[in-house]
Each structure stands twice: as structure tokens, then as C-alpha cells.
Amino acid sequence: MRLALAVEYDGSSFRGWQQQPGGGTVQDALQDALRQFAGVPVTVVCAGRTDAGVHALGQVVHLDTQLERSMFAWVRGANTFLPAAVAVRWAQIVADDFHARASAYSRHYRYLLINRAHRTGAWHGKAGWYHHPLDVAAMQAAADLLLGERDFSAFRAAECQAISPVKIMRRAEVRRFDDLVVFDFEASAFLHHMVRNLVGSLVAVGQGKHSPEWIAELLACGDRRLAAPTFAAAGLYLAAVRYQPHWGLPHTAATLFLPGAFDSCGTGRAG
């Protein structure tokens, strides 16, 4: 049978998702835990690879197995053998033609950025940091230009292996919660380093180095060399992978606490 699993992880100590020589990846940790539980080697396929230092709240994988256990047993069994930084959230039997990557309708990435003069301590490795003041309204105006079907070549890493740079951006939001700036992007798929490159260019707009229209110019020219440098991995989260309802999967997103987002009365202060 084919199983789908939702996985969350702190990517700080891993070499990324993808299995590679020498180990040290999230895929290595997950497959090793599943092997210990199932008693046979297990290979998983993920919805979206993440780089070293990138986190996930709702990564989805699929695997094929002949081992018949309850879904509760799969979750508890995998978590028994996983390191503390990785956890399976749910397991579910899916149709044989389900594919964690190919069947996905969209991916949602969130980037957390501490925006203040001094660096963060408590959120080291969990959020990016930028010391100059940022104009969030200008950044949102620039983000609006990303919506729709676009060629994102200007935000694509040189080593990207995607067949096409054209993706459909369904959500691009920039919000401030006190010292925290939150970027949310949801698209049909993402290119290698695309989110971190988008954040870097939006930060350049927020600092006043460029007008919001600069983003449209980058999209039109498709030249990665003209966009801003790639932003740090620490603040990036694969928040959710979404599938069409007929697959019958649970919602994969997890609520991510936003420090400073609530006052003493519990009222959110977004701006």
C-alpha cells in the first residue's frame, strides 16, 4: 500500500532534505527511523526539497510498504526512532497513483525576518535578521507584482534543475508584527532558492534602494544577476503543501507562533 506522512523539522542541524553521501539529511533521518520501525529498508519521496538550515511545518512524503499497521502506530513508531528535531504529524493510506510531489496543488513557504538594530538571540537559526528599517507597505506593493503566472528566472539559482521557470504565484504577502516581518508565498511550485531570492529583493525595496516597480523589471528581464543576493536560510519554513480535496488528506499547515504578534490582551497587532 502507499502511505502519505506529514513531517515537521528544525533544519538547523541538517544538510538539507535530500539524501546524499555522508548522511546528515532529513531524508536520511526519516528513512532510518522508518527502517527501524518497519524492519525493512524504506524510501520516501517528498513534496519539496529544502536546503540546509531550512525548516518545515508541513512537509509531505509518500512511501510504499507491505507492512500493515494502524496509522497511529506508523506515527508513534516513526517518532520513537526519529531525532528530537524531526517529527511525523500524521499518516494516511492514499491511492496508488498519489505522488507527494507531482500531486501537489501548491506549496506555501513562510519567511520570518527580525527587523531591528540588534540581532536576535532566542530566535537564532529560526529567523533571518535585517538591521535597517524596512517600509513594509512598499514591500507589499512590490510583492503584489509577483502574483499570477510569471517567469521567475530572475529569482532562480544557477544550479536549479527545474524544467521551466514559469510558476503560478497565488499568494505574496508581507506583514509586520512589532519587530518581526513575515513573508508568505504560495505558488504552484518554486525554483531553487526562489523564496530566499524574492525576500532579498523585497528587502532591497523596503530599504528604499529600489521602487516597487523594480520587481516587475526583474520579472521582465529574467536576469538573476540584477536581483538582490540570496537571503539567509534560517528564517525559511515550508509551511504547508496543499492537495486537491479528492486525495482526502488532512490540512498540512501548522500554526507558527509569531513573537511580539500579540499584546497583553491577546490582540494581534499587524501593520
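Remember, it's a predicted structure, so these values are computed and weren't measured experimentally.

Peer 1: Summarise the overall build of the protein chain; cite the residues concerned and give the values.
Peer 2: Looking only at helices and strands, one finds 5 helices and 10 strands in the protein chain. Against the compact-globule benchmark of 18 Å for 271 residues, the protein chain has a radius of gyration of 19 Å, which places it among compact chains. Each principal axis of the C-alpha distribution contributes one length, and for the protein chain these read about 60 × 45 × 40 Å. Every one of the 271 residues in the protein chain was classed for burial, and the buried ones make up 52%. Taking the intrachain contacts of the protein chain between residues at least 6 apart in sequence as the baseline, contacts between residues at least 24 apart amount to 69%. Carbon and sulfur atoms make up 54% of the accessible area of the protein chain, which amounts to about 12,300 Å² in all. Each charge class in the protein chain can be summarised by its mean position, and for the 26 positive and 23 negative side chains these summaries are 4 Å apart.

Peer 1: Which residues make up the packing of helix α1 (residues 26-38) against helix α2 (residues 71-81), and what values do they have?
Peer 2: At a minimum axis distance of 8 Å, the contact between α1 and α2 shows a crossing angle of 120 degrees. Every pair of crossing elements has a handedness; the one defined by α1 and α2 is right-handed. Across the interface between the two elements, Ala33, Leu34, Gln36, Phe37 and Ala38 of α1 pack against Ala73, Trp74, Gly77, Ala78 and Phe81 of α2. Looking at the contact of α1 with α2, its residues break down into 8 nonpolar, 2 polar and no charged.

Peer 1: Give me the packing of aromatic side chains: which residues, what numbers.
Peer 2: In this structure the tally under the stated criterion is 8 aromatic pairs. Ring geometry for tyrosine 111 against phenylalanine 231: centres 5.8 Å apart, planes inclined by 80 degrees, an arrangement best described as edge-to-face. Of this pair, tyrosine 111 sits in strand β5 (residues 104-115) while phenylalanine 231 is found in the loop between α5 (213-221) and β10 (236-243), placing the two residues 120 residues apart along the sequence. Exposure remark for phenylalanine 231: the relative accessible area of 13% places this residue in the buried category. The structure contains a cluster of three or more aromatic residues connected by ring pairs, namely Tyr111, Tyr130, Phe183 and Phe231. One Lys or Arg, arginine 170, reaches over the ring of tyrosine 105 and ends 4.0 Å from the middle of that ring.

Peer 1: Describe the nonpolar core, and please don't skip the residues or the numbers.
Peer 2: Among the nonpolar cores identified, the biggest contains 82 residues, and Met169, Phe183, Phe185 and Tyr243 are the most heavily contacted of them. A per-element tally of this core places helix α4 (residues 194-206) first, with 8 residues. Residues contacting tyrosine 243, with those up to four places away along its chain left out, are Ala47, Val60, Phe98, His99, Ala100, Ser103, Ala104, Tyr105 and Leu249. By size, the runner-up hydrophobic cluster in this structure holds 9 residues, among which are Leu112, Trp123, Leu180 and Tyr237.

Peer 1: I'd love a proper account of helix α3 (residues 136-144), names of residues and values included.
Peer 2: Within the sequence span of α3, burial applies to Val136, Ala138, Met139, Ala142 and Ala143. Buried residues in α3, looked at end-on, bunch into an arc of 160 degrees, giving them a common side. Next to the buried residues of α3 lie β8 (166-177), β9 (180-187), α4 and α5. Two to three positions downstream of the cap, the backbone nitrogen of alanine 137 sits 3.1 Å from a side-chain oxygen, assigning the N-cap of α3 to aspartate 135.

Peer 1: Describe the pattern of salt bridges, with residues and values.
Peer 2: All chains considered together, the criterion is met by 12 salt bridges. The partner of arginine 171 in a salt bridge is aspartate 184, and the shortest N-O contact between them spans 3.7 Å. Taken as a pair, arginine 171 in strand β8 and aspartate 184 in strand β9 lie far apart in primary sequence, 13 residues in all. Looking at aspartate 184, the relative accessible area reads 0%, which means it is buried. Among the charged side chains, a salt-bridge network with shared partners connects Arg110, Arg171, Glu173, Arg175 and Asp184.

Peer 1: Go over the side chain of aspartate 28, please, and point to the residues and values.
Peer 2: One can find aspartate 28 in helix α1. Among buried Asp, Glu, Lys and Arg side chains, aspartate 28 stands out as unpaired, with arginine 15 the closest opposite charge at 6.3 Å. A distance of 3.3 Å separates the side chain of aspartate 28 from the side chain of glutamine 19, its partner in a polar contact.

Peer 1: Tell me about the environment of alanine 228, and please be specific about residues and values.
Peer 2: Within the element layout of this structure, alanine 228 appears in the loop between α5 and β10. Taking the C-alpha atoms as reference points, alanine 228 and aspartate 64, separated by 164 residues in sequence, lie 42 Å from one another. Among residues more than four places away in sequence, those in contact with alanine 228 are Gly200, Ser201, Ala204 and Trp214.

Peer 1: Break down the packing of α4 against α5 for me, citing the residues and quoting the values.
Peer 2: As a packed pair, α4 and α5 sit with axes 9 Å apart at the nearest point and diverge in direction by 145 degrees. The hand of the α4/α5 crossing is right-handed. Along its contact with α4, which presents Ser201, Leu202, Ala204 and Val205, the element α5 presents Trp214, Ile215 and Leu218. In terms of residue class, the contact of α4 with α5 is made up of 6 nonpolar, 1 polar and no charged.

Rules of the game
- Residues numbered from 1 in each chain as written.
- Predicted model: local features only at pLDDT ≥ 70, side-chain atom pairs only at ≥ 80, totals over all residues.
- Heavy atoms only, no water.
- Helix = DSSP H or I, 4+ residues; strand = E, 2+ residues; numbered from the N terminus.
- Rg over C-alpha atoms; globule rule 2.2 N^0.38 Å.
- Buried < 20%, exposed > 50% of the residue type's maximum accessible area, 1.4 Å probe, protein only.
- Contact = heavy atoms within 4.5 Å.
- Areas by Shrake-Rupley, 256 points an atom, 1.4 Å probe, with all protein chains shown as cover.
- Lys, Arg positive; Asp, Glu negative; His and termini not counted.
- Charge placed at Lys NZ, Arg CZ, Asp CG, Glu CD.
- Axes fitted to C-alpha atoms, helices over the stretch in contact; angles between N-to-C directions.
- Left-handed = near helix turned anticlockwise from the far one by under 90°.
- Nonpolar A, V, L, I, M, F, W, Y, C, P; charged D, E, K, R; others polar.
- Phe/Tyr/Trp six-rings, centres within 6.5 Å; stacked < 30°, edge-to-face > 60°.
- Lys NZ or Arg CZ within 6 Å of the ring centre and 35° of its normal.
- Core = buried A, V, L, I, M, F, W, Y, C linked by side-chain atoms within 4.5 Å.
- Arc of directions from axis to C-beta.
- Polar contact = N/O pair within 3.5 Å; in protein donor to acceptor, adjacent residues only side chain to side chain.
- Salt bridge = Lys/Arg side-chain N within 4 Å of Asp/Glu carboxyl O.

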